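# Results of the structural survey
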Amino acid sequence: MRKPVIAGNWKMFKTVEEAVAFVDALVPLVESSAHCEVVVAPPFPALSSVAQRVKATNIGVSAQDCHWEKEGAFTGEVSCEMIKEAGASHVIIGHSERRQFFGETNETVNKKIFAALRAFLVPIVCVGESLAEREKNETERVVGEQMTKGLDSLTELQLSHIIVAYEPVWAIGTGRTATPELAAETHRFIRDTVAKLFSRSSSAAIRILYGGSVKPDNIKGLMAQPDIDGALVGGASLKPDSFAAIVNF
Ligand code: PEP
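What comes next concerns the included structure. (Residues numbered from 1 in each chain as written. Predicted model: local features only at pLDDT ≥ 70, side-chain atom pairs only at ≥ 80, totals over all residues. Heavy atoms only, no water.)

### Things to note about the overall build of the protein
The line we're drawing: Counting from the N terminus, the helices are the DSSP runs of H or I reaching at least four residues and the strands are the DSSP runs of E reaching at least two. When we talk radius of gyration, it's over C-alpha atoms, and the globule rule is simply 2.2 Å times the number of residues to the 0.38. Only protein chains enter the calculation, and the probe is 1.4 Å; a residue is then buried if its accessible area is under 20% of its type maximum, exposed if over 50%, and partly exposed in between. Contact between two residues is taken to exist if any of their heavy atoms lie within 4.5 Å; hydrogens are not considered. Surface accessibility follows the Shrake-Rupley procedure with a 1.4 Å probe radius. Residue values consider only the protein chains on display as shielding.
Along the protein, the regular secondary structure elements total twelve helices and eight strands. Relative to the compact-globule value of 18 Å for 249 residues, the protein shows a C-alpha radius of gyration of 17 Å, a close match. A total of 249 residues make up the protein; the buried ones form 53% of that total. In the protein, once contacts between residues fewer than 6 apart in sequence are set aside, the share between residues at least 24 apart is 71%. Looking at the protein as shown, the accessible area adds up to about 11300 Å², and 55% of this sits on carbon and sulfur atoms.

### Re the environment of Asn58
Note the following rule: For this analysis, a polar contact is any N or O atom pair within 3.5 Å, provided that within protein one partner can donate a hydrogen and the other can accept it, and provided that sequence-adjacent residues contribute only side-chain to side-chain pairs.
One can find Asn58 in the loop between helix 2 (47-53) and strand 3 (59-63). Looking at Asn58, the relative accessible area reads 29%, which means it is partly exposed. It is 32 Å that separates the C-alpha atoms of Asn58 and Trp170, two residues lying 112 residues apart in sequence. Each residue touching Asn58, except ones within four places of it in the same chain, is listed here: Val30, Glu31, Ser33 and Val38. For Asn58, the side chain forms a polar contact with the main-chain oxygen of Val30, separated by 2.8 Å.

### Observations concerning the site of the ligand
Rule in force here: Whether a residue is near a molecule or strand depends on its heavy atoms: if one lies within 4 Å, it is near. Residues are sorted three ways: Asp, Glu, Lys and Arg are charged, Ala, Val, Leu, Ile, Met, Phe, Trp, Tyr, Cys and Pro are nonpolar, and all the rest, Gly among them, are polar.
Taken together, 14 residues surround the ligand, and among them Lys11, Glu167, Gly173, Ser213 and Gly234 come closest. Here His95 contributes a side-chain N or O atom positioned 2.9 Å from an oxygen atom of the ligand. Between the ligand and Gly235, the relevant distance is 2.8 Å, taken from an oxygen atom to a main-chain nitrogen or oxygen of the residue. Burial of the ligand by the surrounding chains reaches 97%, relative to a free accessible area of 290 Å². A breakdown of the residues in the shell around the ligand according to their chemical character gives four nonpolar, eight polar and two charged.

### Regarding the nonpolar core
Note the threshold: Nonpolar core, defined: a set of buried Ala, Val, Leu, Ile, Met, Phe, Trp, Tyr and Cys residues in which side-chain atoms within 4.5 Å join the residues together.
Ranked by size, the top nonpolar core spans 66 residues in total, and within it Ile6, Val40, Ile83, Ile113, Tyr210 and Phe243 carry the most contacts. Top contributing element to this core by residue count: helix 1 (residues 16-30), with six residues. Core analysis: the next-biggest nonpolar cluster, separate from the first, contains eleven residues, Val39, Ala41, Ile92 and Ala165 among them.

Pasting the structure below:
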């Protein structure tokens with residue numbers, strides 16, 4: 001059985017103080033939510049304080065990006081080992097905003113996945129097509145390439161530690177959610193791609209989250225789709241009440 005994951009990507013929002021206040025408010029709202037894994041992804045400065053605060057709870061902590069080297073002359077970068085030491089359990093890799101604004105490629109995604117696994121972090125690997133690509137009917141080509149290149153050279157064992165997030169770029173922060181059926185179609189394609197690249201059993205086991213304007217009022221329909229195993233939530237993860245409502249779908 002694939003346990004659902006609901007992860008909140010806070011992007012560049014919340015000071016350390018606000019982040020700690022958020023998790024203090026969230027803990028009682030989700031402490032009995034054993035049906036899914038709950039993860040929050042604060043900005044780097046708040047990672048350690050948030051991780052300390054949720055230590056004895058069911059909430060995991062994720063970074064939003066990482067570098068692939070352990071250490072070195074890479075000004076401004078943070079390694080997976082540093083993220084792990086700060087108390088995080090997960091790291092988001094290949095978010096479309098990293099791809100769009102910071103030059104992330106399928107090749108750097110691949111290096112970052114290996115780095116995350118080396119540091120015993122769970123990579124949440126984002127894939128998804130832009131609006132122009134969808135309109136040109138290129139969703140499967142683009143997502144297929146992101147999967148093939150991003151997951152290149154991984155063993156099945158390594159793959160078993162990975163979570164994939166399908167985030168159509170046109171649905172991120174736009175209020176335009178993919179319909180459950182449309183999302184499910186690409187989730188099925190991603191699962192079939194994993195079967196081709198790895199095996200049927202890996203494909204049946206891998207968790208694929210949906211991301212793109214997930215809100216308390218659309219999560220139920222998305223989660224009713226058999227191939228959707230949770231959500232990566234941006235905007236609606238910034239308030240404890242709305243994030244908890246999504247967790248408790
Ligand atoms: C995201 O940033 O991963 C995301 C899905 O954002 P939003 O929920 O705001 O669309």
